[in-house]
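Chain residues, written in single-letter form:
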Amino acid sequence: MNRRLFTACLVPLSVAVALGACAAEPDAPAPSSAASEQPPNIVFFLVDDMGWRDVGVFGSTFYKTPHIDALAEQGVRFSNAYAATHVCSPTRASLLTGKYPARLRLTDWLPGRRGHDFERLLSAEKLAALPLHEVTLAEALREHGYRTAIFGKWHLGTGEAGPLNQGFDVQKPDFPGSTPRGGYFPPYLMAGLVVEGEEDEYLTDRLTDFAVEFIEQSQDGPFFLYLSHFAVHDPIEGRPDLVLEYREKAARTEPPVGPAFLLEGNPDDPEPLSRAQLNALLEQPSHQDHGVLPRNTVKIKQHQDNVEFAAMVTAVDDSLGRVQSTLDRLGLSENTIVVFYSDNGGMAAANFGNPARKVPPDLLDVAYSTSNLPLRGAKGWLYEGGIRVPLIVRWPGAGRTGAVHDEPVISPDFYPTLLEMAGLPARPDQHLDGASFAAAVRGEDFERGAIYWHFPHYSNHGMQSPGGAVRDGAFKLLEYFENGTVQLFDLENDPGEQRDLAAAQPAKAAELRDRLHAWRESVSAAMPTRR
């Protein structure tokens, strides 16, 4: 494939020349001799909707992710990494600002779910974009000579609120939305993806082309590459060659054991359904469809067997492999920090933003992507399946290799962590809620302390009430806002959140609830109101 120069350099010419931004591509790039003399490059590889178990090294046996697995051997895998919310925009805002979504007042995906008459609460007001006065991680790095680029999903505001006003020198495509307009196959309906003289290709591959080119043009660095894939978000459209591979693999594989779906209800109902009741309802004629079912129940996928989605996962893995190969080829690997992360849990629950939606039996693989087992729930839920995500950090020369770290971390922590890794001064007035976990990557003692969630809205992926949560040590408390119900789980002994301990341990539940309330007060969290 022919490599291209970007048609416009989005920095002043003098700066571009100094940073190598517009340098012509050599026929056979040589390793950079300055690699050990400059601050480390940073590649932040962000996947959309990839669940905690959607990677081989995190437990998937169906999806093939050899390059992600290899990255784990080269760095540190975090077994208790979290997204700041169970939907995309707030998590993305938190990692770029170092602040909890509640503090930012950007607490839902943009523009968010519309209200419905049956909802007992009015969702809290939220911002429509990431404020320009926030000094993003990209801005902080650019102030220290980094060339910055975002390829893929932004989803933090339109127009003036776009990434070119938030610290990024280069953006492709010029599209602010959530799902890729036009899908993953050409003809693209997002500006900046069509390249004259080249055949259009699968979207994940095209974004990787741009990332590879950016690395080649920025090798005299330092650079910050934010490769923010639309994948594996729906529409669930796999690359055809990989879909064929997975169809063949599925034909050779024993069918999964157990039910294909389980029911979840609203734990904040006046009379919430027990697991035994939910399992019994699953057998009833009233609960055979796929939609919002009686007693406000929805189905959660239990098997990783969607070949289209599997192909999307492996295309993302191929993308990481190409980025890593480019760093190796240019002699940049030993001076490049690589972060692999997801913005929320896997879409094991279908999108019922329109509660009247019914999914036909022959289109289930269009509506449900994956399973998060052994975790409970899915994208759109405060259970672990919605907020626990894969995280791997490679820090050459300073970080451990082939290690696993169990202490929880969360998306606001990236800002201070990457500044510390890059040898840059902290910005405590900016990353108010982040805690640097660079020590954890080095193998030193690190205790994050309590982490918090706040989602004062109704979800597209279930009928549960708006709510919040806190995790401190092994214990996690969830609080719902319609009726004030709380659930308490011991994640060390019950990672699947099946044994609610709120009644058995009222003192612990009260302690964590008080801490959650105090935290909400400290960040001025907006709350939903009664109709």
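Residues numbered from 1 in each chain as written. Predicted model: local features only at pLDDT ≥ 70, side-chain atom pairs only at ≥ 80, totals over all residues. Heavy atoms only, no water.

(A) Spatial organisation of the nonpolar core. With 56 residues, the main nonpolar core has Phe 151, Leu 225, Val 232 and Phe 340 as its most contacted residues. Only β1 (41-47), α2 (66-74), β5 (147-152), α6 (203-217), β7 (223-228), α7 (240-252), α9 (307-329) and β10 (336-342) provide two or more residues apiece to this core. For this core, the leading source of residues is α9, giving eleven residues. When sequence neighbours within four positions are dropped, the list of residues in contact with Val 232 reads Val 47, Asp 48, Asp 49, Met 50, Tyr 184, Phe 309, Met 312, Val 313 and Val 316. Membership of the second largest hydrophobic core comes to 46 residues, among which are Leu 46, Ala 138, Phe 168 and Tyr 226. (Core = buried A, V, L, I, M, F, W, Y, C linked by side-chain atoms within 4.5 Å. Buried < 20%, exposed > 50% of the residue type's maximum accessible area, 1.4 Å probe, protein only. Helix = DSSP H or I, 4+ residues; strand = E, 2+ residues; numbered from the N terminus. Contact = heavy atoms within 4.5 Å.)

(B) Just the sheet that holds β5, in detail. Strand order in the open sheet formed by eight strands is β6-β5-β7-β1-β10-β11-β2-β12, and the pairing between neighbours is mixed. On the outer flanks of this sheet lie β6 (170-172) and β12 (403-405), each paired with one strand and no other. Mean inter-strand twist for the sheet, computed between neighbouring axes without regard to direction, equals 15°. Sheet topology note: the β5/β6 ladder contains three bridges and is parallel. Within β6, the position partnered with Ala 149 by the bridge is Val 170. Set on the sheet, α2 makes contact with β2 (76-78), β10, β11 (391-394) and β12; between it and β11 the angle comes to about 55°. Here helix α12 (residues 414-421) sits on the sheet and contacts β1, β10 and β11; the angle it forms with β10, its principal contact strand, is near 165°. (Pairing = 2+ DSSP bridges. Axes fitted to C-alpha atoms, helices over the stretch in contact; angles between N-to-C directions.)

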